[in-house]
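For reference, the chains in residue letters:
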Amino acid sequence: MNIRRAKVIYFSPTRTTKKIMEGISAGLRLETVETIDLTPPEMKTAAPDRLSDELVLLGAPVYSGRVSSQAAERIRRFQGCGTPAVVVVVYGNRAYDDALLELRDLAVAAGFRPIAGAAFIGEHSYADSAMPIALGRPDQKDLEKARKFGEGIRRKLQVMEPLDTEVFLQVPGKYPYQERSKREPISPVTREDLCIKCGRCAEVCPEAAIRIADTVMTEQTACIRCFACVKNCPIGARRMEDPGIRKSAKRLCETCSARKEPEIFIQ
């Protein structure tokens, strides 16, 4: 297939998925690469978009073994028209469970033709210096693997025929997917004695759940616990203090400390 253009579409509150997708697109070496960031809250109501005559890369974070429901909702507005696609999930070093299968199925339902997929590791949302769960990932080793994955996709495209309908990407996972875990209305809090009201936390929240006034107010029922506000606070005033979350982070740190490597699937 003679494909010269790609669209890189991702949901990435803490920018780990973004980094992986950029690494993959660098390996593609195509003439034109356009990026569509689904993270900002206004993307929830963006108009449907029809894609054709290009390669599409879809990237999403994994939350509790499933594709982020916010990412899934925003991906569904695209129509693929048989367009070849690459599906990529990024998880925090525990497991990606059914997420890659779910993203592949989302792509197929939208009319895309998945030809490759991958599961990469990114710094866990709960990670900090005290709980270093995949802290600093994706690192240079991960990004090099992402670039090589992109090169492999390019080679795949060169030998594919335009009407090759026999391609059906096989990836791990089970259907029905595991049930999404129920989330209590818990969110990070702001240390008002430290906060300088810069507004950065509100800017990066994908659900527009944070409002800056005399104090920093968070709509807890809207919080998806992506921790973008925590990781982007320039002075460390935004923190998760809920004891249950801290306990979960400690358990993950103890049980998921061994380094995991990306898994690549090219049909």
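Parameters at a glance
- All residue numbers refer to positions counted from 1 along the written sequence of the respective chain.
- Only residues with pLDDT of 70 or above have their local features reported here, since the model is predicted, and side-chain atom pairs are shown and tallied only from 80 upward, although totals for entire chains, interfaces and linings are computed over all residues.
- The side-chain figures draw on all heavy atoms in the structure; neither hydrogens nor water molecules are used.
- A pairing counts as a salt bridge when a side-chain nitrogen of Lys or Arg comes within 4 Å of a carboxyl oxygen of Asp or Glu.
- Numbering of helices and strands starts at the N terminus; helices are DSSP runs of H or I of at least 4 residues and strands are runs of E of at least 2.
- For every residue, the accessible area (1.4 Å probe, protein chains only) is compared with the maximum for its type, and the residue is labelled buried under 20%, exposed over 50%, or partly exposed between those bounds.
- Put simply, a nonpolar core is a bunch of buried Ala, Val, Leu, Ile, Met, Phe, Trp, Tyr and Cys residues held in one set by side-chain atoms that sit within 4.5 Å of each other.
- Residue contacts are defined here by distance: any two heavy atoms, one from each residue, within 4.5 Å place the two residues in contact.
- For two strands to pair, DSSP has to find at least two bridges joining them.
- Values of pLDDT, which run from 0 to 100, indicate the predictor's confidence residue by residue.
- Any cysteine sulfur atom paired with another within 2.5 Å is treated as part of a disulfide.
- Here the expected length of a helix is defined as 1.5 Å per residue gap, with one fewer gap than residues.

1. Focus on the pattern of salt bridges
Opposite charge on two side chains lets them pair, provided their charged atoms get close.
Move 1: Applying the stated criterion to the full structure yields 26 salt bridges.
Move 2: Close ionic contact of Lys-231 with Glu-123 constitutes a salt bridge, the shortest N to O distance being 2.8 Å. A residue pair is termed long-range when its members are at least 10 positions apart, and Lys-231 in helix α6 (residues 228-232) and Glu-123 in the loop between β8 (113-121) and α4 (140-159) qualify at 108 residues.
Move 3: Looking at Lys-231, the relative accessible area reads 28%, which means it is partly exposed.
Move 4: Two residues, Lys-141 and Glu-261, come together in a salt bridge whose shortest N-O distance is 3.5 Å. Taken together, the residues Lys-141 in helix α4 and Glu-261 in the loop between α7 (243-255) and β13 (263-266) connect sequence positions 120 residues apart.
Move 5: The exposure class assigned to Lys-141 is partly exposed, which follows from its relative accessible area of 46%.
Move 6: One salt-bridge network, held together by shared partners, links Arg-137, Asp-139, Lys-141, Asp-142, Lys-145, Arg-259 and Glu-261.

2. Topic: the nonpolar core
Move 1: Within the largest apolar cluster, 40 residues are counted, with the highest numbers of intra-cluster contacts made by Ile-9, Leu-38, Leu-58, Val-67, Val-89, Tyr-96 and Phe-112.
Move 2: Looking at this core, the elements with two or more residues in it are β4 (55-63), α2 (69-75), β7 (84-91), α3 (99-109) and β8.
Move 3: With six residues, α3 is the largest single contributor of residues to this core.
Move 4: Those residues in contact with Tyr-96, other than ones at most four positions away along the chain, are Val-62, Gly-65, Val-89, Tyr-91, Ala-119, Pro-172, Glu-263 and Phe-265.
Move 5: One finds Leu-30, Ala-146, Ile-153 and Leu-157 within the second-largest nonpolar core, a separate group that totals 23 residues.

3. Describing the pairing of β4
Move 1: Burial of β4 is extensive: nine of the nine residues sit out of reach of the surface.
Move 2: Here strand β1 (residues 5-10) pairs with β4 via five bridges, running parallel. Note that in β4 the partner of Ile-9 across the bridge is Leu-58.
Move 3: As paired strands, β4 and β7 are joined by six bridges and run parallel to one another. Among the inter-strand pairings, Gly-59 is bridged to a residue of β7, identified as Val-88.
Move 4: Bridging between β4 and strand β5 (residues 66-67) involves two bridges; their strand directions are antiparallel. Within the sheet, the bridge partner assigned to Val-62 lies in β5 and is Val-67.
Move 5: Linking β4 to β5, which pair antiparallel, is a turn of two residues; within it Ser-64 sits at a positive phi near 55°.

4. Quick look at the confidence of the model for the protein chain
Move 1: Per-residue confidence for the protein chain gives a mean pLDDT of 94, with 98% of residues at or over 70.
Move 2: Per-residue pLDDT, averaged within each element of the protein chain, yields its smallest value for strand β3 (residues 49-50) (90) and its largest for β5 (98).

5. Looking at the state of the cysteines
Move 1: All told, the structure shown has zero disulfides when counted by the stated rule.
Move 2: Left without a disulfide partner, Cys-201 is nearest to the cysteine sulfur of Cys-195, which lies 6.4 Å away.
Move 3: Just so you know, Cys-233 is unpaired, no disulfide at all, and the nearest cysteine sulfur is the one on Cys-198, 6.1 Å from it.

6. Some points on helix α1 (residues 16-28)
Move 1: In this model, α1 (13 residues) spans 19 Å end to end at C-alpha, consistent with the 18 Å of a helix rising 1.5 Å per residue.
Move 2: For α1, every residue scored as buried is listed here: Thr-16, Thr-17, Ile-20, Met-21, Gly-23, Ile-24, Ser-25, Gly-27 and Leu-28.
Move 3: In this fold, the buried residues of α1 make contact with β1, β2 (32-37), β4, β7, β8 and α4.
Move 4: Phi turns positive one or two residues past the end of α1, at Arg-29, with a value near 55°.

7. Section: the environment of Gly-150
Move 1: Within the fold, Gly-150 resides in helix α4.
Move 2: Assessed through its relative accessible area of 0%, Gly-150 is described here as buried.
Move 3: For Gly-150 and Arg-29, which are 121 residues apart along the polypeptide, the C-alpha to C-alpha distance reads 8.3 Å.
Move 4: Setting aside anything within four residues of it in sequence, one finds Gly-150 in contact with Ile-24, Gly-27 and Leu-28.

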